[in-house]
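Close look at the chain arrangement
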Amino acid sequence: MSLAAYCVICCRRIGTSTPPPKKDTYWRDIRNIIKFTGSLLLGGSLFLTYEVLALKKSLTLDTEVIEREKMKSYIYLPTVSLDERENPGIVYQARKELHKAMRKVLATSAKILRNPFAEPFSTADIEDHECDVWLLLKKSRSEDKAERLEAVRDMSETHHWHDYQYRIIAQACAPRVLIGLARSKESDLRFFLPPPPLPSLKEDSCIEEELRQLLASLPQTELDECTQYFTSLALNESSQSLAAQKGGLWCFGGNGLPYADSFGTVPSATVEMFCLEAIVKHSEISTHCDKIEANGGLQLLQRLYQLHKDYPKVQRNIMRVIGNMALNEHLHSPIVRSGWVSLMAEAMKSHHIMKASHAARILANLDRETVQEKYQDGVYVLHPQHRTSQPIKADVLFIHGLMGAAFKTWRQQDSERVVLEKAVGDEDRYTTCWPKTWLARDCPALRIISVEYDTTLSDWRARCPMERKSIEFRSNEFLRKLRAAGVGDRPLIWVSHSMGGLLVKKMLLEASKKPEMSTVINNTRGIIFYSVPHHGSHLAEYSVNVRYLLFPSLEVKELSKDSPALKTLQDDFLEFAKDKNFQVLNFVETLPTYIGRMIKLHVVTVESADSGIGELIPVDVNHLNICKPKRKDAFLYQRTLRFIRETLAKDLEN
C-alpha cells in the first residue's frame, strides 16, 4: 500500500509542477522511473521469496521423524474429555462446524496445489495408503455392523502395507476385529501380535506337575462316571510319573526308572495325554471352564501347545478345551488377551485338515459378529470355515459309523497311484476329506458339518470302560448339539456310514416327538445311507459268538440281527420316512472286509442295506471303502453329488 501511495504522489507532482528546463526534467524523470521500478522489483522479490519459503515450509516433512514414527509401537485409545463441567453448547457446535468447513477448504486447496508444487517442494514420498490404516480403524469401530464388516474385509484384502502399519492395526483394533481378521481367508499373519510372554514355571516344578495341579484344582463332585474315570486315571498316573522322575520308591524296581524310561523321547507325553483327556471332559461343564481360566489354564495350555508342535494329538486335545471354553461368552476376553487368536489364525492356514478344523471351531465360537450358532465338542464345520460373502442356503451333515471319525471316514480311498500323487498337492487328485474339498467346491452354497463320537468294537479297547452309550442315548446327545449349531434352520441332507445311519434314523424319530425339534424334521430333504445295517450285521453275530475273547461293545451288540430294538427302529422309520416323503439313496458293499489280520467277513449284506425306501446301489468295494471314492470323477462321488443337487435343487435356486 505504501509503495502505491508513493507512486501516486510522484505522478501528481509531475503533473502540477511548473515546467522546469528541459534538460533537468529529462534526468529527473529518469531517476523517478528508476526509483519506482527498483522499489517495485525489490518489494515484489521480497514478497515472492517470503511466499515461496512459507509454502516450502508447509510442504516439507522431516523424514527422520517419519522413520522414527514407524519404529514406535503405540496403543491408541479413543480420546474422551474428562471435564464434567464441559458443556457442548451452541458455541461448541459453531466451532465444530467451523472446523469441519476449514478442513474441507484445506483438503480442497491441497488437492489443487498438490500437482504443480509436489515435485519441487516435497522431500518425502507420501503414498495414498498411508491414511488407509486410520480410516479403516475408525470404520471398524462404527456403530453400523455392515460398516464394521466391510472394514474387516478391506483389511484382510490389503497386502501392500508396511510392517509398522500391520502393527498399528494389531495394537489398536478391537477384539472382534481381530477375530474377524483371523476368520478371513486372505488375512496377513502380520495382523496378529505374538502371544504375551508366558509366566515362568514355579521353582522345582515342570509342565506335567502344573497340569496335574490344574486338574486337581477342578471340582471333583457331581461328575459323570467317565469324567471321574479320566480324572482318577490322570491323577494316579501323573503322581507315579512324578515319583519316578524324582526317584520315588513306588514300584517293584525301587526307583521307578523303568517306568520313566518307557515313555520314550518325550517322558511326560503319555501322562500329559491322560491329564488333557480329563480336562477335555471337565471343559464340557461351564463352571469348570471358569476354574480353568482362574487357575491359569489358558497360559499353561498355551505353553503345552507350543511345546508339542510335533504331537498333533496333544495339540488337538488342547484345542478341544479352548473350543469348549469359547462356548462361554464371558471367557472371550481372557481367551483373546492370552494370545489364542494369534495361534488359531496361524492354525487356520495349516494344510492339515484336522488342525485347521479345530481352529475354525474355536474362532467360530468366538466370532459373535457373524456367527449365531455355537459348535460344541465333536461338531466341526468343514465348509465354510472362513467368513464369506457366499450366502449359505442348505446344510449337509456327515455322521460316521463304528470305529470311524469326523475326518478320516470321509477321506479318499487310498491306492498305490493315489499315494504317489499325495505329494503333488492337487486336491482334485487326492484329498484327505472329500466333503471339505470336492463337495465344498462343487456346491459352495452348502454348510458342511461333520460329527465325531467315540465307538469301539470291544470293551477291551474302550477309552472309558464306564461309557456304554446306546443308540438312543447318543441320538439325544447329538440332537442337542446339532440344534445348538443351527441344524434345522435351513434345508438339510443327512449323509451316514454304517452305524451312523442308525443314529440318523433314531435322531429323526426322537426329533418328531419334541416340538422344539420340529424344524429339524420339516427341513430334512433327504438321506444318504452308505452300507447301513438296517436289519443287522454279521459283525455283531461274529462278535457275540466269540464274546469271551472280544467282549463286544454295546454298539456292536445293538447291531445283532435278532435285536428287537433294531427291528422296531427300522419299522418306525420306514413308516415315518414314507409319510414325510424323504428322498433316500442307499449304497452297499459287495466285497468282504478284513477285521484285523485274521478275520474276513461281509459286514453288511445287500439284504440288510435295503432300507425299504429309495434306490439301492451295490458297489464293488468293502465296508470301509464304501464312503471313500477313488477319484473325484468316480461313480460313488458323482452319484452322491447328483443326489444332493437334485434333492436341494429348489432350495439352492432360491
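As the structure is a computational prediction, the values presented were derived from the model and not from experiment.

1. Section: the overall build of the protein chain
- For the protein chain, the helix and strand inventory stands at 30 helices and nine strands.
- Split into buried and exposed, the 654 residues of the protein chain put 45% on the buried side.
- Counting only contacts in the protein chain whose residues sit at least 6 apart along the sequence, the fraction spanning at least 24 positions is 77%.
- Entry remark: accessible area of the protein chain is about 35,700 Å², with carbon and sulfur atoms responsible for 56%.

2. A few points about the sheet that holds strand 9 (residues 615-619)
- What the seven strands build is an open sheet, ordered 1-3-2-4-5-6-9; its pairing is mixed. A strand with exactly one partner marks an edge of an open sheet, and here the two such strands are strand 1 (379-383) and strand 9. The sheet shows a mean angle of 20° between the axes of neighbouring strands, taken without regard to direction.
- Looking at chain direction, strand 2 (residues 394-399) and strand 4 (residues 492-497) are connected through five bridges and run parallel. Looking across to strand 4, one finds that F398 is bridged to V495.

3. Notes on the side chain of R361
- Among the secondary structure elements, R361 is positioned in helix 18 (residues 353-366).
- Although R361 lies buried, it forms no salt bridge, and the closest oppositely charged side chain, D377, sits 4.2 Å away as judged by the N-O distance.
- A polar contact of 3.3 Å, which involves the side chain of R361, links it to the backbone oxygen of Q376.
- Setting aside chain neighbours within four positions, we find R361 in contact with M319, R320, G323, N324, L327, Y375, Q376, D377, V379 and Y380.

4. Re the pattern of salt bridges
- Under the defined criterion, the tally for this structure stands at 20 salt bridges.
- Measuring nitrogen to oxygen at the nearest pair gives 4.0 Å for the salt bridge that ties E373 to R490. Linking E373 in the loop between helix 18 and strand 1 with R490 in the loop between helix 21 (471-484) and strand 4, this pair joins segments that are 117 residues apart in sequence. As far as burial versus exposure is concerned, E373 and R490 are alike and both buried.
- Ionic pairing is found between D651 and R525, a salt bridge with its closest N-O pair at 3.1 Å. Here R525 lies in strand 5 (residues 524-530) and D651 lies in helix 30 (residues 649-653), a separation of 126 residues in the sequence.
- A network of salt bridges, in which partner residues are shared, links E373, D395, R447 and R490.

5. Details of the pairing of strand 2
- Most of strand 2 is tucked away: six of the six residues are buried.
- Where strand 2 and strand 3 (residues 446-451) come together, six bridges link them in parallel fashion. By the bridge assignment, A394 is partnered in strand 3 with L446.

6. Details of helix 15 (residues 312-325)
- A rise of 1.5 Å per residue sets the reference length of helix 15, with its 14 residues, at 20 Å; its end C-alpha atoms lie 20 Å apart and thus fit the reference within 8%.
- Taken across its 14 residues, helix 15 has 10 buried, putting it largely inside the fold.
- Of all the residues in helix 15, the buried ones are V314, Q315, N317, I318, M319, V321, I322, G323, N324 and M325.

7. Structural notes on the environment of G526
- Mapped onto the elements, G526 comes out in strand 5.
- The buried category is assigned to G526, whose relative accessible area is 0%.
- Sequence separation of G526 and W494 is 32 residues, and the distance between their C-alpha atoms is 6.5 Å.
- In this view, G526 contacts L492, I493, W494, Q583, F643 and T647; residues no more than four positions away in its chain are not counted.

8. A closer look at unusual backbone geometry
- Residue P384 follows H383 across a cis peptide bond; omega there is -5°.
- Note on placement: P384 falls in the loop between strand 1 and strand 2.
- Positive phi values are uncommon outside glycine, yet M403 reaches one of about 65°.
- The exposure class of M403 is partly exposed, given its relative accessible area of 41%.
- Residue S531 is not a glycine yet carries a positive backbone phi of 50°.

9. Observations concerning the packing of aromatic side chains
- Tallying each qualifying case throughout the model produces 16 aromatic pairs.
- Their ring planes at 55° and their centres at 6.3 Å tell us that W410 and Y530 sit as a pair that is tilted. One end of the pair, W410, is in the loop between strand 2 and helix 19 (416-421); the other, Y530, is in strand 5, with 120 residues separating them in the sequence.
- With relative accessibility at 0%, the residue W410 sits in the buried group.
- Connected via pairs of aromatic rings, a cluster forms that spans F398, W410, W434, W438, Y530, F587 and Y637.

10. Concerning the packing of helix 8 (residues 175-182) against helix 17 (residues 340-348)
- Running from amino to carboxyl end, helix 8 crosses helix 17 at an angle of 15°, the nearest separation of the two axes being 9 Å. It follows from the interaxial angle that helix 8 and helix 17 lie roughly parallel. Classified by chirality, the crossing of helix 17 by helix 8 is left-handed. For the pair helix 8 and helix 17, contact is made by L178, I179 and A182 and by V341, A345 and M348, respectively.
- Here the contact of helix 8 with helix 17 is composed, by residue class, of six nonpolar, no polar and no charged.

11. Quick word on the confidence of the model for the protein chain
- The pLDDT averaged across the protein chain works out to 80; a share of 71% of its residues lies at or above 70.
- Overall, residues 248-267 carries pLDDT values under 50, and its contacts beyond four positions in sequence, including any with other chains, amount to 28 contacts.
- Contacts for the low-pLDDT stretch residues 544-549, under 50 throughout, to residues beyond four places or in other chains number four contacts.

Rules behind the numbers
Residues numbered from 1 in each chain as written. Predicted model: local features only at pLDDT ≥ 70, side-chain atom pairs only at ≥ 80, totals over all residues. Heavy atoms only, no water. Helix = DSSP H or I, 4+ residues; strand = E, 2+ residues; numbered from the N terminus. Buried < 20%, exposed > 50% of the residue type's maximum accessible area, 1.4 Å probe, protein only. Contact = heavy atoms within 4.5 Å. Areas by Shrake-Rupley, 256 points an atom, 1.4 Å probe, with all protein chains shown as cover. Pairing = 2+ DSSP bridges. Axes fitted to C-alpha atoms, helices over the stretch in contact; angles between N-to-C directions. Lys, Arg positive; Asp, Glu negative; His and termini not counted. Salt bridge = Lys/Arg side-chain N within 4 Å of Asp/Glu carboxyl O. Polar contact = N/O pair within 3.5 Å; in protein donor to acceptor, adjacent residues only side chain to side chain. Expected span 1.5 Å × (residues − 1). Phe/Tyr/Trp six-rings, centres within 6.5 Å; stacked < 30°, edge-to-face > 60°. Parallel < 35°, antiparallel > 145°, perpendicular 65-115°, else oblique. Left-handed = near helix turned anticlockwise from the far one by under 90°. Nonpolar A, V, L, I, M, F, W, Y, C, P; charged D, E, K, R; others polar. pLDDT = per-residue confidence, 0-100.

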